[in-house]
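# Per-entry structural report
Take a look at the letters that make up each chain.
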Amino acid sequence: MGSWGKCDQMIVHDAEPYNAEPPRTALAGRPLTPVEVFYARNHGPIQQIDPDMWCLELGGLVERPKRLSLGELRARFAHHDVVATLQCAGNRRAGLLAVRAIPGETPWGSGAISTARWTGVGLADVLREAGLRPGAAHVEFTAPDVATEARPPGPYGASIPLSKATAGEVLLAWAMNDRPLPPVHGGPVRVIVPGYVGARSVKWVSRVTVRERPSDNYFQAVRYRLLPPGADTERADGGLQLGPAGLNADILMPDDGAVLCAGPTEVSGYAFGGDHRGVARVDVSPDGGRSWRQAELGPVTGAWAWRLWHTVLDLPAGEATITARAWDTAATCQPEHAASLWNPGGYVNTAWPRVRVQVR
Ligand code: MTE
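Parameters at a glance
- Residues numbered from 1 in each chain as written.
- Predicted model: local features only at pLDDT ≥ 70, side-chain atom pairs only at ≥ 80, totals over all residues.
- Heavy atoms only, no water.
- Salt bridge = Lys/Arg side-chain N within 4 Å of Asp/Glu carboxyl O.
- Helix = DSSP H or I, 4+ residues; strand = E, 2+ residues; numbered from the N terminus.
- Core = buried A, V, L, I, M, F, W, Y, C linked by side-chain atoms within 4.5 Å.
- Buried < 20%, exposed > 50% of the residue type's maximum accessible area, 1.4 Å probe, protein only.
- Contact = heavy atoms within 4.5 Å.
- Phe/Tyr/Trp six-rings, centres within 6.5 Å; stacked < 30°, edge-to-face > 60°.
- Lys NZ or Arg CZ within 6 Å of the ring centre and 35° of its normal.
- Near = heavy atom within 4 Å.
- Polar contact = N/O pair within 3.5 Å; in protein donor to acceptor, adjacent residues only side chain to side chain.
- Pairing = 2+ DSSP bridges.
- Lys, Arg positive; Asp, Glu negative; His and termini not counted.

Once their charged atoms are close, side chains differing in charge can pair, the charge on each being opposite to the other. Summed over all chains, the structure comprises 19 salt bridges. E129 serves as the salt-bridge partner of K66, at 3.4 Å between the closest nitrogen and oxygen. Within this pair, whereas K66 is found in strand β4 (residues 66-69), its partner E129 is found in helix α4 (residues 123-130), the two being separated by 63 residues in sequence. A salt bridge links D216 to R211; its shortest N-O distance comes to 3.3 Å. In this structure, a network of salt bridges that share partners links the residues R24, R92, D250 and D255.

Let us now look at the nonpolar core. One broad rule of soluble globular proteins: the nonpolar side chains tend to lie buried together. Ranked by internal contacts, the top residues of the largest apolar core, which has 47 residues, are L73, L123, V139, F141, L172 and V205. Those residues in contact with V139 that lie beyond four places of it in its chain are L123, L127, A158, S159, I160, L162, A165, V208, T209 and V210. Of all hydrophobic cores here, the second largest spans 21 residues; its members include V267, A271, V282 and A295.

The subject of this paragraph is the packing of aromatic side chains. Per the counting criterion, the structure on display carries seven aromatic pairs. Ring geometry for F38 versus W118: centroids 5.7 Å apart, planes at 85 degrees, classification edge-to-face. Taken together, the positions of F38 in the loop between α1 (24-27) and β3 (55-60) and W118 in strand β6 (residues 113-122) put the pair 80 residues apart, joining distant regions of the chain. Through successive ring pairs, a cluster of aromatic residues spans F38, Y39 and W118. Between the NZ or CZ atom of R100 and the centre of the ring of W342, over which it lies, the distance is 3.9 Å. Positioned above the aromatic ring of W292, the side-chain terminus of R325 is 3.9 Å from the ring centre.

Contacts to the ligand come from 20 residues, most closely from Y39, D145, H185, R190 and K203. Y39 is positioned with one of its backbone polar atoms (N or O) 2.7 Å from an oxygen atom of the ligand. Within the contact set of the ligand, a nitrogen atom lies 2.7 Å away from a side-chain nitrogen or oxygen of D145.

Once that is clear, we can look at the pairing of strand β21 (residues 307-315). Pairing of strand β17 (residues 263-272) with β21 involves nine bridges; the strand directions are antiparallel. Residue pairing in the sheet places A271 in a bridge with R307 of β21. Bridge count between strand β20 (residues 296-297) and β21: two bridges; the pairing is antiparallel. Counted as the bridge partner of L297 is W309 from β21.

This part covers the pairing of β4. Of the two faces of β4, the one holding K66 and L68 is buried and the one holding R67 and S69 is not buried anywhere. Hairpin connection, β3 to β4: the antiparallel pair is bridged by five residues.

Each neighbour pair has its own omega, and for G187 with P188 the value is 10 degrees, a cis peptide bond. With an omega of -5 degrees, the peptide bond running from M253 to P254 counts as cis. Mapped onto the secondary structure, P254 falls in the loop between β15 (248-253) and β16 (259-260). Phi is positive for W4, close to 55 degrees, though the residue is something other than glycine. By the element assignment, W4 lies in the segment before β1 (11-14). In this structure, V348 takes a positive phi of about 45 degrees despite not being glycine. Locating V348 in the fold gives a position in the loop between β22 (318-328) and β23 (354-359).

A word on the sheet that holds strand β19 (residues 293-294). Across a sheet, paired strands are connected by hydrogen bonds in the backbone, their directions being either parallel or antiparallel. Strand order in this open sheet of five strands is β16-β23-β22-β18-β19, and the pairing throughout is mixed. Looking at strand neighbours, the two that pair on one side only are β16 and β19, the edges of this open sheet. Where β22 meets β23, six bridges bridge the pair, whose relative direction is antiparallel. Within β23, the residue paired with A320 across the bridge is V357.

To continue, consider the environment of P194. For P194, the position within the fold is in the loop between β11 (190-192) and β12 (207-211). What makes P194 buried here is its relative accessible area of 1%. Separated by 109 residues in sequence, P194 and A303 have C-alpha atoms that sit 9.1 Å apart. Aside from chain neighbours lying at most four places away, what touches P194 is V82, A84, K164, E169, V170, D275 and W304.

What follows is about the sheet that holds β21. Read from one edge to the other, the open sheet built from four strands follows the order β15-β17-β21-β20, with strand pairing classed as antiparallel. Looking at which strands have only one partner, the edges of the open sheet turn out to be β15 and β20.

The next subject is the side chain of E21. Summarising the element assignment, E21 is placed in strand β2 (residues 19-21). Notably, E21 is buried but unbridged: the nearest opposite-charge side chain belongs to R24, and the N-O separation is 8.3 Å. Of note is the side chain of E21, whose polar atom sits 2.7 Å from the backbone nitrogen of G109. A polar contact of 2.7 Å, which involves the side chain of E21, links it to the backbone nitrogen of G111. Filtering out sequence-adjacent residues up to four positions away, E21 remains in contact with M10, I11, H13, Y39, P107, W108, G109, S110, G111 and A112.

In structure tokens:
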């Protein structure tokens, strides 16, 4: 076992704060990602909070501010299970780095994405009981972990629009794949915002504040913004604050650089429609995009979860570039090249994935 209950096979980008992703093959063929290989993204120290000591402050533009213990949260609100894919905005950044340097950012490969069954209460129910006051438009989440990379150093936080916060799928979650949420993933309680970039699913949440405007937290106002090429990443002017995730797909098997035997080869991966869009189709190419065949989609495990896919390609001897492209229910297709997506923060690489293999 590696640190924080993770498998030895994790690719550890930083030991402190702990940032690690599984190799792509560890995600393949598993609708739910085991906790041992679920990616971990931390901007500050992992918090170890006694569940009996945890409490949530709820305030801002509400009629009845609240202070809720974990016991009260569990006893007073209906429990919900949501299968949701969590994807870091920096997932597949390595593909953008191959286009142009992105100084100071973690070179995430294919593994900054994972799927779990999350159990908790609906944020919508908690907000309903608190009652909203006029002007309420955004909901901010604050955590106790202090990130030294923030300017100035400060606690992690984020916000989502009220329309998303009250839509029903957003959870205050205490369990992951039917086990208590471990500290590395935000236990005792974290926010899960299905369909949004992972940055908004705040771990170790300690405060929920209803506001008129989006959070001023560094990780909402400055980082996790899609900036135009040439913009300064530390100045919060221009660009857009990332929220809803867009269509993405990747190849999980075979691995990049694999040496394979000529003949029928199983190729599999995931496609993720993001916020409010399903996956309609996935095409796979054995020759870098010159010819395509349609992959078979796996079962739907939930409206907020990735869709696994697989197909069999007949690969002749030689070098091959296997590529894939997903289409969503709005007939949007992934862009062909990462070069058209390059941005200074290295976010949301949704370009066609490619793996290069040797066939013998
Ligand atoms: N919440 C806190 N408190 N601190 C963090 O550093 N990282 C965010 C989000 N919530 C973060 C956080 C980011 S960038 C992502 S992608 C997800 O948590 C990762 O969740 P995981 O580590 O459970 O996979």
